[in-house]
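Fold and geometry: a report
What follows is each chain in one-letter form.
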Amino acid sequence: MATAAAASASEAEAESKAGPQAEGEEDEAKAARTRRKVLSRAVAAATYKTMGPGWDQQEEGVSESDGDEEYAMASSAESSPGEYEWEYDEEEEKNQLEIERLEEQLSINVYDYNCHVDLIRLLRLEGELAKVRTARQKMSEIFPLTEELWLEWLQDEVSMALDGLDRERVYDLFERAVQDYICPNIWLEYGQYSVGGIGQKGGLEKVRSVFERALSSVGLHMTKGLAIWEAYREFESAIVEAARPIAGFLSPFDREQTFDSQLEKVHSLFRRQLAIPLYDMEATFAEYEEWSEDPIPESVIQSYNKALQQLEKYKPYEEALLQAEAPRLAEYQAYIDFEMKVGDPARIQLIFERALVENCLVPDLWTRYSQYLDRQLKVKDLVLSVHSRAVRNCPWTVALWSRYLLAMERHGVDHRVISVTFEKALSAGFIQATDYVEIWQAYLDYLRRRVDFKQDSSKELEELRAAFARALEYLKQEVDERFNESGDPSCLIMQNWARIEARLCNNMQKARELWDSIMTKGNAKYANMWLEYYNLERAHGDTQHCRKALHRAVQCTSDYPEHVCEVLLTMERTEGTLEDWDVAVQKTETRLARVNEQRLKAAEKEAALLQQEEEKAEQRKRARAEKKSLRKKKKTRGADKHEVDEDDEKEWGDDEEEQPSKRRRVENSVPPAAGKVGLDLEEDTGPVDVEPPSKQKARAAAPKRDMPKVLHDSSKDGVTVFVSNLPYSLGAPEAALRPLFEACGDVVEIRPIFSNRGDFRGYCYVEFKEEAAALRALELDRKSVEGRPMFVSPCVDKSKHPDFKVFRYSTALEKHKLFVSGLPFSCTKEELEEICKAHGTVKDIRLVTNRAGKPKGLAYVEYENESQASQAVMKMDGMTIKENIIKVAISNPPQRRVPEKPEARKAPGGPLVPRQIYGARGKGRTQLSLLPRALQLPSAAGTQAENGPAPPPAGVTPAAEAPKMSNADFAKLLLRK
């Protein structure tokens, strides 16, 4: 790279004691020597041309075009030998077909990053220079380009630049390249290229300007800033060397104005560099001592020593970055925290930029950086540039767009520019409906701040009202159609509009219309919505409308009717007449009586359902007992008693009360995991194959075999895995499974579990010699065995670890992963991957199956980043696959309800617990209440209201509650005895 070339060009580039080692490959050294030669000759030519006619360019064989040609050679010196070799054969035809395919794909989805990269690579390989330039231009308009892509583009453009106009285009391209990310290599290439134009008008000032900007951008970079300093210093030194031969022929005044001033520029660069903590500072100081004819000033030595001390403080963070692997986010975060404590704005900006090069898709990092600039530096161009880059890198993050709009308003950007930015935000493809509500709120707040409400009417006010109306229409049509929800169930935007009309525009009529619309959207049952409307009327309306709103609230509220009734009575007590008071009391009593009646009926219904479940559970238990006794009677009278007892005894680890006969009837049913974790929470039981009656009778008549019990040593759980969901038809489980698990390590024993009749029960234990082998065996989870997914999980005794669960997949929001439903059952993983990879890089696809290995029509698709997943949702949702319309959304599984523990339940006489807590089979025997049902007091189930705590039990009003007793009351009760 260019940095290595410039570093090797320096005479002081020896082996660094504290920093990274310089690259010493032969081709890079050759490229560096070529650049140095071009630099010296071009500088010499420009210097003598400027200083007088005594220099003849043709004698030395130097021209402006020579500098450009040799620089182009140096720029391409690092290219691989066969990079531009074209083969006109079948490979070329294949490339042309691939180019056509990629162009067609981009016409469908222009946001396919990898497709852009592949197209540019193929066009460059085929030599389609004009098409390559167009493809790169289109990609750079959509995405920020990486350092590698920019350098490749710049090298191609430099090699094609022929005249001054072409050189200006290359300069413009360099200016664009340094804007995307902080790239020392690009800055170095920019400086080297500008040297080639030093002979043109203003060329010398152009070179110095580029190098000074490079130092401002990356000069503080501790590991890569050294190359910029050395390249700039070599440039100025070359001018000194070129001017030295004619310095003796100049007058003292001219010598001071030319040669001495140029010499001072080199001194200044040395001093500036030595005052900054950089790697290999010792070599730079030694080089300065050797170069300078005069002793080094004491002030420079003091600055150098201070920089060395600072270097020691920064070294731990730099070394941590060198040792870690990309993207090194944690190391950069620690470095940023350190720089924030030090408080140097230039260094803080630099470390943020360095971190964003490798973590450009991390929204939180952009947020922290932009927040620092907004609050500390407040430089308009810098702040707006960072905000623009942030939304360009993470367009799916609504918080970055909101901050961008605020920053533009804060720095006085034109209204039309802000409106265009907002329209871009709407088309960014947010992944949640609420994101659109948030961006609309940010834009509406901006429009509201533009309005002068002292005027009755203005252009800004009409624009604000039109924006509110458009926002409501957009959420209703665009957002609701895509997400099946508006994202604003509480109508926050409409509430804000109503407040503006009431408080700032004195238009209560419009505010009341808006609140009527809010209530018709399903919000009339919530007390807090009515109270918000009441408070607005209270502040800006009149008593009549306040009373009307509260009367409607009493009739409609279902979550907290008591609270609304209390507010109504309080208002009438303060302002109402006797007639108003009587009406309010009558309405509140009637409403509360109706509410209590409804609650009582709901409680009775729930209690009746619970009692039915208990009766059904009791009937099932009696039926099982009868079947059990009947089976015992049918046994041979002369059978051994031990054998009779063993018939009902469970195998080791079997803790389910299901009958063995039921297990034999269902061929593919899976027994429980023996108290071990072996079930996947995500899969459910699929359809089962029931054997014909003749086969069932044959199995029932089969003689029972005395199978040995399988004993398990819990101390070996660390080297043992539990394998379940195996086919019952597996004839020799140990022989079939051993080849699979021996690939993971040495297998000590495979212990399959059999029933008393010798039937394989579908699970077993596999013991290894080493724990590492057991961990590798876990990777075989979901491997197909005779067409059925095998479950492999750690061997953990759940009686000792009841809370231990194994679930491989995340149950939280994953913005880079999609959930696809509605797939045809015949859709394969390869077919789905072919569809999904058109929208980004697919890392993994998982088809959800049942225990029998049959698909459920669901899948999870994991993309490389959030941006690709967001685009895939927009393009794939509603797509038709084999006559099935699929639904695609960001993976966000609902939270699973965990049943409360038995000790946390209410004692008898308390509120009855809904049946869902006990599962489909009702209460167990140990959970039955010993209190007669006739003495139990039914009450409302402890259901949670939607917007607050649960309502009071049915039939109990606040006035009927028993008063609390004090210590004195208890003393009186005691004395009465």
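The rules behind the values
Residues numbered from 1 in each chain as written. Predicted model: local features only at pLDDT ≥ 70, side-chain atom pairs only at ≥ 80, totals over all residues. Heavy atoms only, no water. Pairing = 2+ DSSP bridges. Helix = DSSP H or I, 4+ residues; strand = E, 2+ residues; numbered from the N terminus. Axes fitted to C-alpha atoms, helices over the stretch in contact; angles between N-to-C directions. Contact = heavy atoms within 4.5 Å. Expected span 1.5 Å × (residues − 1). Bend = angle between axes of the 7 residues up to and from the residue. Buried < 20%, exposed > 50% of the residue type's maximum accessible area, 1.4 Å probe, protein only. Parallel < 35°, antiparallel > 145°, perpendicular 65-115°, else oblique. Left-handed = near helix turned anticlockwise from the far one by under 90°. Nonpolar A, V, L, I, M, F, W, Y, C, P; charged D, E, K, R; others polar.

Turning our eyes to something else, we now look at the sheet that holds strand 4 (residues 783-785). The five strands lie next to each other as 2-3-1-5-4, forming an open sheet whose pairing is antiparallel. In this open sheet, the two edge strands, each paired with only one partner strand, are strand 2 (747-754) and strand 4. The mean angle between the axes of side-by-side strands here comes to 30°, regardless of whether they run parallel or antiparallel. Bridging between strand 2 and strand 3 (residues 760-768) involves six bridges; their strand directions are antiparallel. Residue pairing in the sheet places F754 in a bridge with F760 of strand 3. Sheet strands touched by helix 33 (residues 733-742): strand 1 (720-724), strand 2, strand 3, strand 4 and strand 5 (788-794). Its angle to strand 2, the strand with the most contacts, is close to 140°.

With that settled, the discussion passes to the pairing of strand 8 (residues 855-863). Relative to strand 8, strand 6 (residues 814-821) runs antiparallel, the two sharing five bridges. Bridge assignment links V820 to a residue of strand 8, and that residue is A859. With seven bridges joining them, strand 7 (residues 842-849) and strand 8 adopt antiparallel strand pairing. What sits directly across from T849, in strand 8, is P855.

In this section: unusual backbone geometry. Excluding glycine, a negative phi dihedral is what most residues carry, and trans is how most peptide bonds are arranged. Omega for the bond connecting A326 with P327 falls within 30 degrees of zero, at 10°, which places this linkage in the cis form. Unusually for a residue other than glycine, K882 sits at a positive phi of about 50°. Within the element layout of this structure, K882 appears in the loop between strand 9 (880-881) and strand 10 (884-885).

The first and last C-alpha atoms of helix 23 (residues 459-483) sit 34 Å apart over 25 residues, in line with the 36 Å expected at 1.5 Å per residue. The largest bend in helix 23 is about 35°, located at Y474. Turning to helix 23, its buried residues are L461, L464, A467, F468, A471, Y474, L475, V479 and F483. As for helix 23, its buried residues are in contact with helix 21 (415-426), helix 22 (433-450) and helix 24 (492-504). Within two residues after helix 23, N484 carries a phi angle of roughly 60°, on the positive side.

A packed helix pair is summarised by two numbers, namely the angle formed by the two axes and the spacing between the axes. Here helix 18 (residues 363-377) crosses helix 19 (residues 380-393) at 165°, and the two axes come no closer than 10 Å. By the angle between their directions, the pair helix 18 and helix 19 is classed as roughly antiparallel. The element helix 18 and its partner helix 19 pack so that their crossing is left-handed. In this structure, helix 18 contributes W366, Y369, S370, L373, D374 and L377 to the contact, and helix 19 contributes L382, V383, V386, H387, R389, A390 and N393. Considering only residue class, the contact of helix 18 with helix 19 consists of eight nonpolar, three polar and two charged.

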